[in-house]
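What follows is the residue order along each chain.
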Amino acid sequence: MTRRAGIITIHDMDNYGNRLQNFAVDRLLASRGYEARTFILRERYFLGNVRGALRSAVSWFRSARYRRFSRFEATIRHRLSWSQSHFRRSRDAFDVFIVGSDQIWNPHFIRLRGPQFLDWTYPNQRIALAPSFGVNEIPAADVPDYTRWLAGFERISVREEAGAAIVRQLTGRDATVLPDPTLVLEVAEWRAHARDTLCPAEPYALTYFLGAVSPARRSRIEAFCAERSLKLVSLADPADARLYAAGPAEFLALIDRAACTFTDSYHGSIFSLLFDTPMVIFEREDALANMSSRLDTLLGTFGLENRRYAEESGIPEPSVDYADAKLILEAKRREFTDYLDSELARAAS
């Protein structure tokens, strides 16, 4: 008899990290004999500016970027849901429900109240698999709801140390800190799904910034590349239409083939590590800086603090010496799979 698992995560067809972590969880479940479905959380709401919204949607659907995301998305099977009652009708069709990873528990991202904490499932079906809060504290107005929602899990895992502190503060319980699921899949599987059609032929350095980049930082990066005869390419810059059209598969190849990466991105850092690509990590300069707890946990866990950019000392020499980090990674992978296997066994008992 086929076992079925529902995955509750952020579904954003314009975000590399959440599509890749979704793919990783889907594959990890498939390797354990589960047929997985990712629930797409949707609200029913009235569009005030229907004409403008439709113009924007048509433009997006016609874009090369959307087509590449859709091609990658075809590897993940989905199920559309939009209400508590619709969620409840699904619970008898699945054996387990998994929430995670990405910032599915971020209080600023929550639209539907409760589904992200699996409060509509049977208690034994609930598995928290490295979800992220994405913040260091929960707003006071949300504390009662979060305390109640977290109490519904028999065990809790999170993706960052800051998340474990939130769980401890609200419930008095210890949460297991697990790596992002993208780190658990083997590199060979990621490379099997990479597409190098957008990779430059000449040696290049890749910038992937989700926050602002000051002129001073940009100047230092340009000087660094000029000294080493590296072409500088920017992945998240809409001005570069060709590279901006990259989907998740192209994202993988661009990081894998780069001589080095400059990034403030969590998943940009993760895949640089996985692919042995030298990297330099930047703190974000804008309002998104308060989301840095996951990068702090990543770099601290794997002993990569020396990869950080510092204004006073400039760009550190990129290094490919990830030997110690890879030993730690193997141990973290075992922690992740042990947790997942024990939770699946608990739910089946």
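Criteria and thresholds
Residues numbered from 1 in each chain as written. Predicted model: local features only at pLDDT ≥ 70, side-chain atom pairs only at ≥ 80, totals over all residues. Heavy atoms only, no water. pLDDT = per-residue confidence, 0-100. Contact = heavy atoms within 4.5 Å. Axes fitted to C-alpha atoms, helices over the stretch in contact; angles between N-to-C directions. Helix = DSSP H or I, 4+ residues; strand = E, 2+ residues; numbered from the N terminus. Parallel < 35°, antiparallel > 145°, perpendicular 65-115°, else oblique. Left-handed = near helix turned anticlockwise from the far one by under 90°. Nonpolar A, V, L, I, M, F, W, Y, C, P; charged D, E, K, R; others polar. Buried < 20%, exposed > 50% of the residue type's maximum accessible area, 1.4 Å probe, protein only. Pairing = 2+ DSSP bridges. Salt bridge = Lys/Arg side-chain N within 4 Å of Asp/Glu carboxyl O. Disulfide = S-S within 2.5 Å. Phe/Tyr/Trp six-rings, centres within 6.5 Å; stacked < 30°, edge-to-face > 60°.

A. Seen up close, the confidence of the model for the chain. For the chain, mean pLDDT is 89; residues scoring 70 or higher make up 91% of the total. In the predicted structure, residues 44-55 sits below a pLDDT of 50 and forms 2 contacts with residues beyond four places in sequence or in another chain.

B. Region of interest: the packing of helix H10 (residues 248-257) against helix H11 (residues 266-274). Where H10 meets H11, the axes come as close as 9 Å, and the angle between the chain directions of the two elements is 55 degrees. In terms of orientation, H10 and H11 fall into the oblique class. For the pair H10 and H11, the crossing hand works out as right-handed. Where H10 approaches H11, its residues Phe251, Leu252 and Ile255 are matched on the opposing element by His267, Gly268, Phe271 and Ser272. Of the residues belonging to the contact of H10 with H11, the class tally is 4 nonpolar, 3 polar and no charged.

C. Quick peek at the environment of aspartate 256. Here aspartate 256 shows up in helix H10. Between the C-alpha atom of aspartate 256 and that of cysteine 199, which follows or precedes it by 57 residues, the distance is 9.6 Å.

D. Up close: the environment of glutamine 169. Relative to the elements of secondary structure, glutamine 169 occurs in helix H6 (residues 161-171). The class of glutamine 169 is exposed, set by a relative accessible area of 64%. The spatial distance from the C-alpha of glutamine 169 to the C-alpha of arginine 126 is 21 Å, given a sequence separation of 43 residues.

E. Summary view of the sheet that holds strand E5 (residues 126-128). Taken in spatial order, the 5 strands of this open sheet run E3-E2-E1-E4-E5, and their pairing is parallel. The open sheet has two edge strands with one neighbour each: strand E3 (78-81) and E5. Pairwise comparison of adjacent strand axes, ignoring direction, gives a mean angle of 30 degrees for this sheet.

F. Fine view of the pattern of salt bridges. A complete count under the given rule lists 30 salt bridges for this structure. Note that arginine 4 and glutamate 35 form a salt bridge whose closest N and O atoms lie 3.3 Å from each other. A residue pair is termed long-range when its members are at least 10 positions apart, and arginine 4 in strand E1 (residues 3-8) and glutamate 35 in strand E2 (residues 34-41) qualify at 31 residues. Judged by its relative accessible area of 23%, glutamate 35 falls in the partly exposed class.

G. Here's a closer look at the state of the cysteines. In this structure the tally under the stated criterion is 0 disulfides. Cysteine cysteine 260 shares no disulfide, and the gap to the nearest cysteine sulfur, in cysteine 225, comes to 5.7 Å. Using a relative accessible area of 3% as the deciding quantity, one classes cysteine 260 as buried.

H. Inspection of the pairing of strand E4 (residues 96-99) at higher detail. Neither face of E4 is exposed, since Val96 and Ile98 on one face and Phe97 and Val99 on the opposite face are all buried. Here 4 bridges tie E1 to E4, and the two strands are oriented parallel to one another. Across the sheet, the residue bridging to isoleucine 8 is valine 99, located in E4. Relative to E5, E4 is paired through 3 bridges, and the arrangement is parallel.

I. Structural detail: the packing of aromatic side chains. This structure, assessed with the given rule, holds 27 aromatic pairs. Pairing phenylalanine 97 with tryptophan 120 gives two aromatic rings, centres 4.7 Å apart and planes at 70 degrees, and the pair type is edge-to-face. Taken as a pair, phenylalanine 97 in strand E4 and tryptophan 120 in the loop between E4 and E5 lie far apart in primary sequence, 23 residues in all. As far as the burial class goes, phenylalanine 97 and tryptophan 120 line up, both buried.

J. Expanded view of the sheet that holds strand E8 (residues 204-208). Here we have 4 strands laid out as an open sheet, ordered E9-E8-E10-E11, and parallel in their pairing. Each edge of the open sheet is held by one strand with a lone partner, namely strand E9 (231-234) and strand E11 (279-281). Averaged over neighbouring strand pairs, the angle between their axes works out to 20 degrees when direction is ignored. Here E8 pairs with E9 via 4 bridges, running parallel. Each bridged residue has a counterpart across the sheet, and for leucine 206 the counterpart in E9 is valine 233. This element, helix H8 (residues 215-227), spans E8, E9 and strand E10 (260-263) of the sheet and lies at about 140 degrees to E9. The sheet contacts of H11 involve E8, E10 and E11, and relative to E11 the element is tilted by about 155 degrees.

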